[in-house]
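# Examination of the molecular architecture
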Amino acid sequence: MRTQSPTSSTSPQWRYGRFALIVLFAAAPFLLFGAMLSGCTSGEEADDGINEQVQRLFEPIPAEAEAPEDNPMTEARVDLGHKLFFEQKLSRSGNISCNTCHVVGAAGVDNRRVAIGEQGREGPRTSPTVYNAAFLGMQFWDGRAATLEEQAKGPIQAHVEMDLTPEEAVSRLRDTGYLPFFEEAFPEDDDPLNFDNVARAIASFERTLITPGSPFDRYLEGERDALNATQLAGLELFTDTGCASCHNGVLLGGQGFARFSHVEGGDDRGRAEVTGDAGDEYVFRIAPLRNVERTYPYFHDGSAETLEEAVSIMGESQLGRTFNDEEVEQMVAFLESLTGEFPMVPYPQLPRQRSAAVDRP
């Protein structure tokens, strides 16, 4: 008896293969639709292997911050602002400087629940980090300042913080020997040592406080192994559950406002204290998440001591869901990937000229 060739049209193998091809072609449209659906839900990968949705939502921190036209950055202005940032004579007691609450050696914060200023007075809110503040859409938790220059004037004059008038601040700097530094930084001004220029110089220095190079930045730039499996799972959770709807862009936040239901009913009415609009009650600036691993405690009132606690609170109050232990672990791992490379900021040599005027602290 002649055996059938494996390629014969009557062989079981061929009949099975032909049947499989028929099924495959029949199912092709459905398979294609499924692939398209999968692409819509999980996001297409770009050529570098990074999810396109992630690339649309987030951006790496730029190497430099853009300065406004009316305050161009120069080496002299940055140097002067560096000195003023550490200058304790800008406080009534002579013991408080910008660096007291925004410690450049501690991620730009003081890690206190609320800020502590002159005479041990407690402020109503925690100190936000000064790092990457150049990229914020507005300054302060309630957004009452639009620019770094405007923000720099506030703490010096605030009774609870540094407690000086602009006139007192300028007089102290003049008596201490700052005039030559202002003349170099603002050569076009007839009287360069003024309060506006104090703020301009501090803002110029703050624009150098940038922390690029985080694992997440490297991931966005195409380094596929910059994030580990847990961090990638946290990133997916972060985007899929709605966190990224508010925390996006360069800073993963900091560009808008949101109602924070966790604090409703408290004394701090948030942006309503600025606008006078009842609709802004308990509305605060959306916190930027860059370097959030090191900027504890969390929220405007410092009410969350750990990232795990903050993630759980945000899930329940803002998203209406409870993250389980594994999800919290993944989310925290992703947030830890946002820690960038901090610049080395030395303590500056400050002017100390003995004045014939009345000695001031």
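Predicted model, so just to flag it, every value in this text is computed and none were measured.

In this section: the side chain of N51. Mapped onto the secondary structure, N51 falls in the loop between α1 (12–42) and α2 (52–57). A relative accessible area of 16% means that N51 is categorised as buried. Separated by 2.7 Å, the side chain of N51 and the backbone nitrogen of Q53 make a polar contact.

What follows covers the pattern of salt bridges. This model, assessed by the stated rule, comprises 18 salt bridges. The salt bridge partner of D268 is R125, with a shortest N-O separation of 2.8 Å. Pair noted here: D268 is in the loop between β1 (257–259) and α11 (272–275) and R125 is in the loop between α4 (98–101) and α5 (148–157), with a separation of 143 residues, a long-range link. Judged on exposure class, the residue D268 and its partner R125 are both buried. Here R174 makes a salt bridge to D191, at a shortest N to O gap of 3.6 Å. Taken together, the residues R174 in helix α6 (residues 166–176) and D191 in the loop between α7 (179–185) and α8 (195–206) connect sequence positions 17 residues apart. Relative accessible area serves as the criterion here: at 33%, R174 is assigned to the partly exposed category. Through salt bridges with shared partners, one network takes in R125, D142, R144, D268 and E273.

This part is about the environment of P215. With respect to the secondary-structure elements, P215 resides in helix α9 (residues 215–220). Ignoring any residue separated from it by four or fewer positions in sequence, one finds P215 in contact with A226, L227, S337 and T339.

With that settled, consider α6. Residues separated by three or four positions in an α-helix point in the same direction, a consequence of the helix having 3.6 residues per turn. Among the residues making up α6, those that are buried are P166, A169, V170, R172, L173, D175 and T176. On the buried face of α6, the contacting elements are α3 (75–85), α5, α7 and α8. Of the residues trailing α6, G177 is marked for its positive phi of about 110 degrees.

Let's shift gears to the packing of aromatic side chains. Tallying each qualifying case throughout the model produces 13 aromatic pairs. Ring centres of Y178 and F182 lie 6.5 Å apart, and the angle between their planes is 65 degrees; this geometry places the pair in the edge-to-face category. Relative accessible area serves as the criterion here: at 0%, F182 is assigned to the buried category. Feature note: the residues F58, F216, Y219, F238 and F334 constitute an aromatic cluster, connected by ring pairs. The ring of F140 has R144 lying over it, and the distance from NZ or CZ to the ring centre is 3.7 Å.

Cut-offs and rules
- Residues numbered from 1 in each chain as written.
- Predicted model: local features only at pLDDT ≥ 70, side-chain atom pairs only at ≥ 80, totals over all residues.
- Heavy atoms only, no water.
- Helix = DSSP H or I, 4+ residues; strand = E, 2+ residues; numbered from the N terminus.
- Buried < 20%, exposed > 50% of the residue type's maximum accessible area, 1.4 Å probe, protein only.
- Polar contact = N/O pair within 3.5 Å; in protein donor to acceptor, adjacent residues only side chain to side chain.
- Salt bridge = Lys/Arg side-chain N within 4 Å of Asp/Glu carboxyl O.
- Contact = heavy atoms within 4.5 Å.
- Phe/Tyr/Trp six-rings, centres within 6.5 Å; stacked < 30°, edge-to-face > 60°.
- Lys NZ or Arg CZ within 6 Å of the ring centre and 35° of its normal.

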